[in-house]
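Each chain, written out:
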Amino acid sequence: MKITVFSPDFYTYGAMLIGGILKDEGYNVGLSTKYNIKTGDTLLLSLFSTQHLLSDEIKTMIRNHRSRGGKVYVGGPVSAYYEMVLGELEPDCVCVGEGEDTVKRLVKGGVPGDYPGIAYTGGDGEIVFTGKAEKADVSKRPLPLIPPDIGSQDIRGASAYIETHRGCTGGCTFCQVPRYFGRDIQSRSIEDILKEVREFKKRGAKRISVSGGTGSLFQYKDGKINEDQFIELMKGMAEIMGPKNISSPDIRVDCISDDILEAIREYTIGWIFFGLESGSDRILKKMGKGATAREAEDAVTACREHGLKAAGSFIVGYPGETEEDYEMTKDFITMNQLDDVFISIAEPIPKTPLADLVLRTPDEDNPVFMPHEGEYRALRITEAEARSFDLMMHSDLFRSSIRPVTNDIFDIYLKNVRKDGEDIRRVTGALRKYYGI
Ligand code: SF4
């Protein structure tokens, strides 16, 4: 049997992992990031964004593949809301949750099957869910399937993001990680991770990054961060790739220490990326961030003291965010002069508390739908789009190295926020349909 594992636009770690597992089972497996797949009798899609469920390109690809008689299975974080996956994409089956074990049974046994972890549409049109599969054991896995062109891949500067652990102790309302992988941390062994890093290097990867929400939660146990293990991991990875080719960017502001920051300075490219989200404690509390704006400022200061660059991401347009809350976010950016800033509009990812909140919030109180009546009203954008647009330009002026906002940049930002707003309204519309609202 020939199997193609598809991930949209770039090779995700999840797709490479599933590819490696199936190859280890003896199947003929290939990876693809292109939408025009014409070979293979089984197509596995590894999808991580709700936008993928609404993508016409993906829908056409699935329809074409099935009309040629090929089987189509969908997995990845989107599977948390399998009803929506089945309704929008119409695959043969959804591999629900952590897919390492389920995918082997699925490919071998097909659909319908008497094993847990799959959902499909039965003959009477009813959705059948066979029950939750057991959690995957992250300590036992073969090497991922690494494509020959991995060296040309560039995701935020890295050829690949590898998984060192699974789960997050946090409870951010907009994030799927703790709901999908749980709040207990499951870590891999350093030996296994380094073996994988060596393999990536051998296959041409230029820079490796650590994924998983917060890098320093590696080997977290009994409520404690294991600094020694994190430092040993960074050191080991740097010995293989060289420190300039390692990054462990994503870290919660409350998961750092002097030793962790020092290790990041010594063994990586020296950047930290904090999910700061807002300068308003009121909104941070609503988001379940578990940290205050003051703690975020202290974390940025600590990075500077260790000679690290600090970047931050912010979310605007969260339901209930007032003009005053938004001004506090602007002030945070003014005061802290981050080295890079990323801005997004609050997106209701299915099965998160934010999705429930958005569905309970009338459009006239949700900034994603409210028409903007202020300074940018001539642009005919919504309040969330206006805040996102304004914050992008503001952060260009108040970053460590100023970026002038030219006419071209103005146009790009405007186009981007309009698209973001439109995409999020489409997702909200789809959620309403599946929640029966
Ligand atoms: S800290 Fe990061 S990974 Fe964890 S719940 Fe919050 S956003 Fe998600």
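Nothing here was measured: the structure is a model prediction, and the numbers come from that model.

Asker: Can you help me understand the environment of Ile-62 in this one?
Answerer: Locating Ile-62 in the fold gives a position in helix 3 (residues 56-67). Take Ile-62: its relative accessible area is 1%, and that puts it in the buried class. For the pair Ile-62 and Val-74, spaced twelve residues apart in the sequence, the C-alpha separation amounts to 9.9 Å. Once residues lying within four places of it in the same chain are set aside, the contact partners of Ile-62 are Leu-45, Val-72, Leu-89, Glu-90 and Pro-91.

Asker: Explain the pairing of strand 4 (residues 71-75) here, please?
Answerer: Moving residue by residue along a regular strand, the side chains alternate between the two faces of the sheet. Burial of strand 4 is extensive: four of the five residues sit out of reach of the surface. Two strands pair when backbone bridges link them, and strand 3 (residues 42-46) and strand 4 are joined in this way by five bridges, in the parallel orientation. Along strand 4, the bridge assignment pairs Ser-46 with Gly-75. Bridge count between strand 4 and strand 5 (residues 93-95): two bridges; the pairing is parallel. Counted as the bridge partner of Tyr-73 is Cys-93 from strand 5. Between the parallel pair strand 4 and strand 5, the chain is carried across by helix 4 (residues 82-89), and the sense of this crossover is right-handed.

Asker: Can you walk me through the pattern of salt bridges in this structure?
Answerer: Side-chain pairing between opposite charges can occur once the charged atoms of the two side chains come close. Overall, the coordinates contain 33 salt bridges when judged by the stated rule. One salt bridge in this structure joins Glu-163 and Arg-141, with 2.6 Å as the shortest N-O distance. Here the residue Glu-163 occupies a position in strand 8 (residues 160-163), and Arg-141 occupies one in the loop between strand 7 (127-129) and strand 8, the gap between them amounting to 22 residues. Across the pair Lys-235 and Glu-239 runs a salt bridge whose closest N-O atoms are separated by 3.5 Å. Here Lys-235 and its partner Glu-239 are both found in helix 8 (residues 227-241), four residues apart, which amounts to about one turn of the helix. A relative accessible area of 37% places Lys-235 in the partly exposed class. One network of salt bridges, with partners in common, ties together Glu-98, Glu-100, Lys-135, Arg-141, Glu-163 and Arg-166.

Asker: Could you clarify how one ought to interpret the nonpolar core in this entry?
Answerer: It is characteristic of soluble globular proteins that their nonpolar side chains tend to be buried jointly. Membership of the largest hydrophobic core comes to 92 residues, with the highest contact counts inside it found for Phe-200, Ile-208, Met-237, Phe-274 and Phe-314. Looking at which domains feed residues into this core, each of domain 1 (2-129) and domain 2 (150-434) gives three or more. Among residues more than four places away in sequence, those in contact with Phe-200 are Met-16, Pro-144, Ile-146, Ile-150, Ala-160, Ile-162, Ala-205 and Ile-208. If you look at the next biggest cluster of nonpolar residues, it comprises 27 residues, including Met-61, Ile-62, Tyr-81 and Met-84.

Asker: Hey, could you run me through the packing of aromatic side chains in this one?
Answerer: What describes a pair of aromatic rings is the distance from one ring centre to the other and the angle between the planes of the rings. Evaluated as defined, the whole model comprises ten aromatic pairs. Considering the side-chain rings of Phe-6 and Tyr-35, the 5.4 Å spacing of their centres and the 70° angle between planes classify their relative orientation as edge-to-face. Remark: Tyr-35 occurs in the loop between strand 2 (28-32) and strand 3 and Phe-6 occurs in strand 1 (residues 2-6); sequence separation between them is 29 residues. Residue Tyr-35 is classed as partly exposed on the basis of its relative accessible area of 22%. Residues Phe-10 and Phe-48 carry aromatic rings whose centres are separated by 5.8 Å and whose planes lie at 40° to one another, so their mutual orientation is tilted.

Asker: What is the right way to read the packing of helix 12 (residues 323-336) against helix 14 (residues 383-397) from this model?
Answerer: Packed helices, taken two at a time, are described by the angle their axes make and the gap between the axes. Direction vectors running N to C along helix 12 and helix 14 enclose 15°, while the axes themselves pass 10 Å from each other. Considering the angle they form, helix 12 stands roughly parallel to helix 14. In this structure, the crossing between helix 12 and helix 14 has a hand that is right-handed. Judged by residue contacts, Glu-323, Tyr-326, Thr-329, Lys-330, Ile-333 and Thr-334 of helix 12 engage Glu-383, Arg-387, Asp-390, Leu-391, His-394 and Ser-395 from helix 14. Split into classes, the residues belonging to the contact of helix 12 with helix 14 amount to three nonpolar, four polar and five charged.

Asker: I tried to follow helix 5 (residues 100-109) on my own but got confused; where do I start?
Answerer: Since the α-helix packs 3.6 residues into each turn, any two residues three or four apart lie on the same face. All of the buried residues along helix 5 are Glu-100, Thr-102, Val-103, Leu-106 and Val-107. Buried residues in helix 5, looked at end-on, bunch into an arc of 155°, giving them a common side. For helix 5, the exposed residues set more than 90 degrees away from the buried face come down to Lys-108 and Gly-109. The first or second residue beyond helix 5 is Gly-110, which carries a positive phi of 70°.

Conventions adopted
Residues numbered from 1 in each chain as written. Predicted model: local features only at pLDDT ≥ 70, side-chain atom pairs only at ≥ 80, totals over all residues. Heavy atoms only, no water. Helix = DSSP H or I, 4+ residues; strand = E, 2+ residues; numbered from the N terminus. Buried < 20%, exposed > 50% of the residue type's maximum accessible area, 1.4 Å probe, protein only. Contact = heavy atoms within 4.5 Å. Pairing = 2+ DSSP bridges. Right-handed = clockwise from strand over helix to strand, strands pointing away. Salt bridge = Lys/Arg side-chain N within 4 Å of Asp/Glu carboxyl O. Core = buried A, V, L, I, M, F, W, Y, C linked by side-chain atoms within 4.5 Å. Domains from an automatic or database assignment. Phe/Tyr/Trp six-rings, centres within 6.5 Å; stacked < 30°, edge-to-face > 60°. Axes fitted to C-alpha atoms, helices over the stretch in contact; angles between N-to-C directions. Parallel < 35°, antiparallel > 145°, perpendicular 65-115°, else oblique. Left-handed = near helix turned anticlockwise from the far one by under 90°. Nonpolar A, V, L, I, M, F, W, Y, C, P; charged D, E, K, R; others polar. Arc of directions from axis to C-beta.

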